[in-house]
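Each chain, letter by letter, is given below.
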Amino acid sequence: MAKAELMNYEKALEQFEVVIGLEVHVELNTKTKMFCGCKNEFGNEPNTNVCPICIALPGALPAVNKTAVESSIKIGLALGCDIQPTGRFARKNYFYPDLAKNFQTSQYDEPIAFNGSLEIEVPSGAVHNVLIERAHMEEDAGKLTHIGGATGRIQGAEYSLVDYNRAGVPLVEIVTKPIFGAGAEAPELAAAYVRSIREIVKALGVSDARMERGNVRCDANVSLRPHGTEKLGTRTETKNVNSLRSIERAVRYEIQRQAHILASGDTITQETRHWHEDKGSTSAGRPKSDADDYRYFPEPDLVPVQPSKELIESLRASLPEKPSDRRKRLAAEWNFSELEFRDVVNADLLDQIEETVAAGAKSQAARKWWMGELARIANEAGDGVELNVTPAQVAELAKLIEDGKINDRLAREVLGFVLAGEGSPAEIVAARGLEVVSDDGALIAAIEAALANAPDVIPAIKEGRMQAAGQVIGAVMKAMAGSADAARVRELLIEIANKAQ
Ligand SMILES: [Zn+2]
């Protein structure tokens with residue numbers, strides 16, 4: 001397929017107003033599936049967590065997972081939603097081989113939670129109030145693996161394998177109302193919204209919230225309309241985007257693609273689209289009309305969910321601190337500049353830094369390691385690769401520097417060994433003898449040895465030409481294999497020079 005033409009981003013925004021809508025699927029981390037007792041676990045052998053209910057053998061009867069209902073109510077409350085006093089499940093009828101039942105058990109006109117809102121801050125510092133239309137419970141489908149094609153997609157594949165381990169895993173789908181007014185920051189707002197949802201479900205403890213595993217995934221609706229017009233443009237829905245960066249890129253791409261089509265006088269096809277991380281583009285999926293007829297009807301095998309007022313209030317009382325409140329608190333506790341704090345939020349490192357500080361590190365030291373050396377290593381490792389280091393180990397590393405046991409250079413070396421699995425920083429320093437030499441006697445001996453080869457240095461320092469000291473400091477650092485503290489070597493060298501005749 002020919003590559004779509006794109007309009008320059010700024011030009012697109014001059015001509016059109018962007019309207020987005022976000023649907024986020026959150027996989028709950030309950031022990032068992034939504035309607036049966038099968039394990040809800042990631043990474044098991046295919047088709048081992050299955051039973052007659054989740055593969056829909058005739059006569060199997062589902063029962064609702066109580067914890068999943070409570071988790072869904074918690075999510076609804078955290079999003080400021082009203083909770084449905086009595087809500088039925090519904091059958092959403094369609095055939096696809098990843099769902100053996102021929103229908104998905106979902107909720108239709110009686111979602112568990114509705115009418116919420118969430119305040120979202122974008123990188124510029126602007127705050128948008130995103131309105132939540134609904135959050136409903138449903139079950140996940142299985143996983144298809146397409147074999148034989150070049151891209152891993154169904155197109156061009158020779159055959160497909162299906163794994164039903166995920167079929168029936170509890171999901172909560174959170175749907176926003178159309179979001180207006182984000183302008184050029186619509187892509188950033190989409191990503192920041194999903195980040196907030198992820199923070200909320202993580203804080204609630206109801207989901208592992210790991211995007212790379214698909215625990216949180218986003219369908220991004222994008223449409224454009226000429227400035228000043230009422231009628232919403234035709235939208236596309238880019239499905240299952242599973243990283244924050246990809247959400248931002250996908251929304252931006254759709255804005256540029258649609259703007260080009262509309263400006264050429266053509267029309268947008270209402271359809272689902274796929275995001276291609278490698279190419280940085282979307283491609284057409286299936287056409288989607290607003291009147292997709294799934295023949296929803298109330299699920300006859302399940303009783304309605306009727307949470308008592310007492311249950312709702314006790315769940316409300318158990319809610320953790322809101323992400324926006326947590327940010328305000330951390331910003332005050334850490335004493336970062338506004339820019340430093342925002343960079344940490346955008347780099348998704350709040351949790352790590354909070355845990356590192358809790359383990360005893362100073363906030364600036366924690367920030368320095370996570371935003372500096374560790375971010376660099378993570379970046380080189382690529383998306384989704386988890387670094388083999390804990391916040392407690394980073395705190396230990398920072399403490400070793402603070403106590404003068406190692407210098408920055410040695411610390412980076414120690415960190416490399418931590419990442420390689422050699423143990424904690426203190427263990428590595430002891431085992432490898434990496435501690436800085438703080439014994440002045442040893443340092444003075446090394447300085448004197450270096451001076452013997454550089455007789456001009458002392459007279460130069462005495463004349464105030466301090467740059468001459470570099471040669472000796474360098475020689476000492478080299479002789480001590482980097483385990484000397486350069487600042488201390490310099491001090492001692494100056495003392496020696498001052499005492500010299
Ligand atoms: Zn099952």
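In what follows, the accompanying structure is described. (Residues numbered from 1 in each chain as written. Predicted model: local features only at pLDDT ≥ 70, side-chain atom pairs only at ≥ 80, totals over all residues. Heavy atoms only, no water.)

When its volume is computed, the second largest pocket comes out at roughly 820 Å³. What lines the second largest pocket is a set of 36 residues, and nearest its centre among them are Glu119, Pro323, Ser324, Asp325 and Arg327. Sorting the residues of the lining of the second largest pocket by element identifies helix H2 (66–78), strand S5 (113–121), strand S6 (127–139), helix H3 (186–204), helix H6 (323–334) and helix H7 (338–346) as the ones contributing at least two each. Across the lining of the second largest pocket, the residue classes tally to 19 nonpolar, seven polar and 10 charged. (1 Å grid on protein atoms, 1.4 Å probe; cavity = no way out; pocket = protein on both sides within 12 Å on 5 of 7 lines; lining within 4 Å. Points joined across faces, edges and corners; volume = space filled by probe spheres on them. Helix = DSSP H or I, 4+ residues; strand = E, 2+ residues; numbered from the N terminus. Nonpolar A, V, L, I, M, F, W, Y, C, P; charged D, E, K, R; others polar.)

In an ideal tetrahedron of four donors about a metal, each angle is 109.5 degrees. In an ideal octahedron of six donors, the angles are 90 or 180 degrees. Taken together, the protein ligands of the zinc ion are Cys36 (SG), Cys38 (SG), Cys51 (SG) and Cys54 (SG), with distances of 2.3 Å. What the four donor atoms of the zinc ion show is an angle range of 100 to 116° at the metal, which sorts the shape as tetrahedral. Read in sequence order, the donor residues for the zinc ion give the motif C-x1-C-x12-C-x2-C. According to the relative accessible area criterion, Cys38 is buried, its value standing at 9%. (Donors = N, O, S within 2.8 Å, 3.2 Å for Na, K, Ca; no water. Tetrahedral: all angles 85-135°; square planar, octahedral: opposite > 155°, others 65-115°. Buried < 20%, exposed > 50% of the residue type's maximum accessible area, 1.4 Å probe, protein only.)

Time to look at the sheet that holds strand S11 (residues 236–241). Overall, mixed pairing links the nine strands, which are arranged S2-S5-S6-S9-S1-S10-S11-S12-S13 in an open sheet. At either margin of the open sheet sits one strand with a lone partner, and together these are strand S2 (82–83) and strand S13 (281–287). When S5 meets S6, the two strands line up antiparallel, connected through eight bridges. In the sheet register, Ala113 faces S6, and the bridge partner there is Ala135. Lying on the sheet, H3 is in contact with strand S1 (16–27), S5, S6, strand S9 (170–176) and strand S10 (216–226); it crosses S1 at an angle near 20°. (Pairing = 2+ DSSP bridges. Contact = heavy atoms within 4.5 Å. Axes fitted to C-alpha atoms, helices over the stretch in contact; angles between N-to-C directions.)

In total, this model carries 42 salt bridges according to the counting rule given. Note that Glu354 is salt-bridged to Arg326, the shortest N-O span being 2.8 Å. Note that Glu354 is positioned in helix H8 (residues 350–358) and Arg326 in helix H6, a separation of 28 residues in sequence. On the basis of relative accessibility, which here comes to 13%, the residue Arg326 falls in the buried class. Between Glu422 and Arg432 there is a salt bridge whose closest N-O contact spans 2.8 Å. In this pair, Glu422 sits in the loop between helix H12 (408–419) and helix H13 (425–432) while Arg432 sits in helix H13, placing the two residues 10 residues apart along the sequence. (Salt bridge = Lys/Arg side-chain N within 4 Å of Asp/Glu carboxyl O.)

Backbone geometry at Asn115 places phi at a positive 60°, although glycine is not the residue there. Take Asn115: it is sitting in strand S5. Even without a glycine there, the phi angle at Asn335 is positive, about 60°. On the secondary structure map, Asn335 appears in the loop between H6 and H7.

Overall, antiparallel pairing links the three strands, which are arranged S4-S3-S14 in an open sheet. The outermost strands of the open sheet, each flanked by one partner alone, are strand S4 (103–106) and strand S14 (297–298). Here strand S3 (residues 90–93) pairs with S14 via two bridges, running antiparallel. Across the sheet, Ala90 pairs through a bridge with Pro298, a residue of S14.

Our next topic: the packing of helix H10 (residues 373–381) against H12. Taken N-terminus to C-terminus, the directions of H10 and H12 make an angle of 45°; their axes are 11 Å apart at the nearest point. Of the possible angle classes, the one that applies to H10 and H12 is oblique. Read as a crossing pair, H10 and H12 show a hand that is right-handed. Contact with H10, carried on its side by Glu373, Leu374 and Ile377, involves Arg412, Leu415 and Leu419 of H12 and no other residues of that element. A per-class count over the contact of H10 with H12 returns four nonpolar, no polar and two charged. (Parallel < 35°, antiparallel > 145°, perpendicular 65-115°, else oblique. Left-handed = near helix turned anticlockwise from the far one by under 90°.)

So, about the packing of aromatic side chains. Enumeration according to the criterion identifies six aromatic pairs in this entry. Measuring from ring centre to ring centre gives 6.1 Å for Tyr94 and Tyr294, while their planes differ by 70°; the resulting arrangement is edge-to-face. A residue pair is termed long-range when its members are at least 10 positions apart, and Tyr94 in the loop between S3 and S4 and Tyr294 in the loop between S13 and S14 qualify at 200 residues. Residue class for Tyr94 comes out partly exposed when judged on its relative accessible area of 27%. (Phe/Tyr/Trp six-rings, centres within 6.5 Å; stacked < 30°, edge-to-face > 60°.)

Here the focus is empty space enclosed by the protein. Applying the stated rule across the entire model yields one cavity of 30 Å³ or more. Roughly 30 Å³ of internal volume is contained in the largest cavity. Forming the walls of the largest cavity are Phe35, Cys36, Ile53, Cys54, Lys101, Glu139 and Gly168. Of the residues belonging to the lining of the largest cavity, the class tally is four nonpolar, one polar and two charged.

What follows is about the environment of Val436. Checked against the element boundaries, Val436 lands in the loop between H13 and helix H14 (440–452). Sequence spacing of Val436 and Pro459 is 23 residues, and the spatial spacing of their C-alpha atoms is 29 Å. In this view, Val436 contacts Gly404, Lys405, Ile406, Asn407, Leu410, Ser483 and Ala484; residues no more than four positions away in its chain are not counted.

It is worth spelling out helix H9 (residues 363–371) at this point. Residue pairs three or four apart in sequence face the same way in an α-helix, which turns once every 3.6 residues. When H9 is considered as a whole, its buried residues turn out to be Ser363, Ala366, Arg367, Trp369 and Trp370. Residues of H9 that are buried in the fold lie against H6, H7, H8, H10, helix H11 (391–402) and H12.

Attention shifts here to H7. For H7, the complete set of buried residues consists of Phe341, Val344 and Val345. Angular distribution of buried residues about the axis of H7 spans 100°; they occupy a single face of the element. As for H7, its buried residues are in contact with H3, H6, H8 and H9. Once H7 ends, the next one or two residues include Asp348, with phi positive near 65°. (Arc of directions from axis to C-beta.)

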